[in-house]
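Residues per chain, in single letters:
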Amino acid sequence: MVAQGSLSIRKLSSFLPFDLLGVRFSGCFPGGRVQNASVERVAVCPVESLPTEIVQTIFAFTVQPSSDDIDLSEKELIRTTILSCSQVCRFWRTVARGYSPLWVNAIDFQRYPLLAIQEILQLSEPQLFDVGHRAAPFQVYRKRDLLVLHVLQVYGHRVREWNVDYCARRRIEFHHWVFNHPAPGLEAVRWTGPTFYYAHPAHQLNNFTIMMMTPFQNSNNIRQLCLEETDLRLSHLMDLSHLTHLSVCNIPPPSRLTSTEWIGVLARCAPRLQFLTIRDATRSDGSQIPFTTRPLRLPKMRLMSLGDSGIGMVALLDLFIHLALPAACAVNLDPLPALSSLPRAAVNPYLNALSSRLLAHFGAFFEDGRNEIPQLELVVRPYCPKYPVTFGTMREADMVLDWSGKSTGGSKRVLEYLDDSLTTATTATTNAIFPALNIGLTHLESPSEPRQLRRLTSWLLQRATTLRITIDDPQETALQLYPSFFQTELVKLLSGMGNLTKLILDSEGTIRAILPIIQGRMLKPQEVVNFMGIQPDSHFTPILPGLEIIESAQGVDLDLGGNWAW
């Protein structure tokens, strides 16, 4: 695809099997050279003699997207190219305005004047179009933005994607058609924000709120559904049979679903579902899925992200236990709740059940003792407000696995990453796959969070042979701010890795923080029993007794560890 501020005929010729400059005058130029200046002036305009259909085909090649789910930068480039094609000359403008597919990606609902939006919507008739982009949703926060929704009502049946961040302090009931307008071509809905605001605490349930409990019931082709910070509910009347991507995050408590209700929702989209994210969207009411319920098979699932910052994680675990995932499905647990947010009596059953469920999913990899665990990643980012600690088989998992967020290239990029991250054993008798795993913690200062991590992954720590530690702390103040984590909890975590033979430290700050820990601390006999599960002897034991190699990342000097460097 070529998209520039201005396009020459010679540049457009590169997309065609013939030369536009010689279409009309090929027999007049011996050797391909122009005979005189008067002929040259005529030679630069042969495109006007071409049929309109051919010129429109050239335009179509010029602005052809690379895929159905393009990045924001490509979309903006296509938009600029479309406007350039329509402003070269009167002939180009006439041809462009008469070709509706050209204008599908030309609309900027956030910045264009209302009259321009109306005109482009008419020019693109009857093609489908997207409102906003997954990385730049249409933000509704001004009166002008509400007027745009009013304009869109006439063209609602042509919307292919709704990408909306509704943050206007006005009730959406004036635009209820957005959720109930027949849209046979609607494929993706990404909605952030409440659908209405109560004018008074005593606001009563009306016809609008009842209708909002069954959104998009007139659209039966939705493939991607992402709801965040909204009171929209996944009604039983919604057709989810075509759904491949589902993300529900940060839902107000009254609109959250129980584990039993979630099983019902997922059962309706089980055959095709590939990406699932449920985060702070589960309500714990004390009930559980009946034990007679058979596990729900999700045969095409590639990535499941579950997390809750409170008691809802117990209900979410109940859901997790009743899902049958394929062996290659990646698991992302973030955030895990602080153990202090759970009832004291529920802590140990919760940790045991979640650890057993993880082992059940990843355990097939361990059936053949010759399979090696992939390299583990421990990332500490003290100043990250989201997840200061992540642990698993990938770095920056909170970004690369965020298929519905703004920081990635969409689910296609995530799928490519997951395919690359799959570890295939090289033995002749097995072809075991270790899927991607990530666990995110939200608190560094609480000792219960690292304890939770150790309990959940003890089966993994005991078998790991390679670990890379990343401490992203440019100011190098984390050791002073969180001494218990580095001096106690991190030591306990490393002490559970008795088979670790290779340690990778990928930054100068990491070297200065880690080398003194692993060189300067020796486990007492009682600590060996507690941390490593083996019988003590009369001698002190190193934290990592099997460690053979300490490796630094490229360009990082191990001597920065001072007297502790090897």
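One structure accompanies this document, and this report is about it.

Analysis parameters
Residues numbered from 1 in each chain as written. Predicted model: local features only at pLDDT ≥ 70, side-chain atom pairs only at ≥ 80, totals over all residues. Heavy atoms only, no water. Helix = DSSP H or I, 4+ residues; strand = E, 2+ residues; numbered from the N terminus. Buried < 20%, exposed > 50% of the residue type's maximum accessible area, 1.4 Å probe, protein only. Contact = heavy atoms within 4.5 Å. Areas by Shrake-Rupley, 256 points an atom, 1.4 Å probe, with all protein chains shown as cover. Phe/Tyr/Trp six-rings, centres within 6.5 Å; stacked < 30°, edge-to-face > 60°. Pairing = 2+ DSSP bridges. Right-handed = clockwise from strand over helix to strand, strands pointing away. Axes fitted to C-alpha atoms, helices over the stretch in contact; angles between N-to-C directions. Parallel < 35°, antiparallel > 145°, perpendicular 65-115°, else oblique. Nonpolar A, V, L, I, M, F, W, Y, C, P; charged D, E, K, R; others polar. Salt bridge = Lys/Arg side-chain N within 4 Å of Asp/Glu carboxyl O.

Before going further, it helps to examine the overall build of the protein chain. Across its full length, the protein chain holds 20 helices and 21 strands. Scored against the burial criterion, the 566 residues of the protein chain give a buried share of 51%. Here the contacts in the protein chain between residues at least 6 apart in sequence split such that 73% fall between residues at least 24 apart. Of the accessible surface of the protein chain, which amounts to about 26,200 Å², a share of 53% is contributed by carbon and sulfur atoms.

Moving on, we get to the packing of aromatic side chains. Enumeration according to the criterion identifies 8 aromatic pairs in this entry. Both rings, one in Phe275 and one in Trp403, keep their centres 5.7 Å apart while their planes meet at 50°; by these two values the pair is tilted. Here Phe275, found in strand 7 (residues 275–279), pairs with Trp403, found in the loop between helix 13 (397–400) and helix 14 (411–421); they are 128 residues apart in sequence, far enough to count as distant. The pair formed by Phe275 and Trp403 is uniform in burial state, with each residue classed as buried. Three or more aromatic residues joined by ring pairs make a cluster, and in this case those are Phe109, Phe129 and Phe138.

With 8 of 8 residues buried, strand 3 (residues 159–166) is to be regarded as a mostly interior element. One ladder, built from 3 bridges, connects strand 1 (residues 129–131) with strand 3; its direction is parallel. Each residue of the ladder has a partner; that of Asp130, found in strand 3, is Glu161. Where strand 2 (residues 138–140) and strand 3 come together, 3 bridges link them in parallel fashion. Residue pairing for strand 3: Gln139 is matched across the bridge by Asp165. In this region the chain leaves strand 2, passes through helix 7 (residues 143–152) and returns to the parallel neighbour strand 3; the handedness of that crossover is right-handed. Alignment of strand 3 against strand 4 (residues 188–192), held across 5 bridges, turns out to be parallel. Within strand 4, the position partnered with Asp165 by the bridge is Thr192.

The next thing to look at is the packing of helix 3 (residues 52–62) against helix 5 (residues 90–97). Contact pair helix 3 / helix 5: the axes reach a minimum separation of 10 Å and the direction vectors enclose 80°. Taken together, the axes of helix 3 and helix 5 are roughly perpendicular relative to one another. Of the residues in helix 5, those in contact with Thr52, Val55, Gln56 and Phe59 of helix 3 are Phe91, Trp92, Val95 and Ala96. Of the residues that constitute the contact of helix 3 with helix 5, the class distribution is 6 nonpolar, 2 polar and no charged.

Before going further, it helps to spend a moment on the pattern of salt bridges. Summed over all chains, the structure comprises 20 salt bridges. Here Asp334 makes a salt bridge to Arg279, at a shortest N to O gap of 2.8 Å. In this pair, Asp334 is assigned in the loop between strand 11 (330–333) and helix 12 (344–362) and Arg279 in strand 7, connecting sequence segments 55 residues apart. Judged by relative accessible area, which is 2%, Asp334 ranks as buried. In this structure Arg279 comes out as buried when scored by relative accessible area, which is 16%. Of the charged contacts in the structure, one is a salt bridge between Arg454 and Glu489, with a shortest N-O distance of 3.0 Å. Of this pair, Arg454 sits in helix 15 (residues 448–456) while Glu489 sits in helix 18 (residues 483–495), placing them 35 residues apart in sequence. Here Arg454 matches Glu489 in class, with each residue buried. Three or more residues are tied together by salt bridges with common partners; here these are Asp130, Arg160, Glu161, Glu187 and Arg190.

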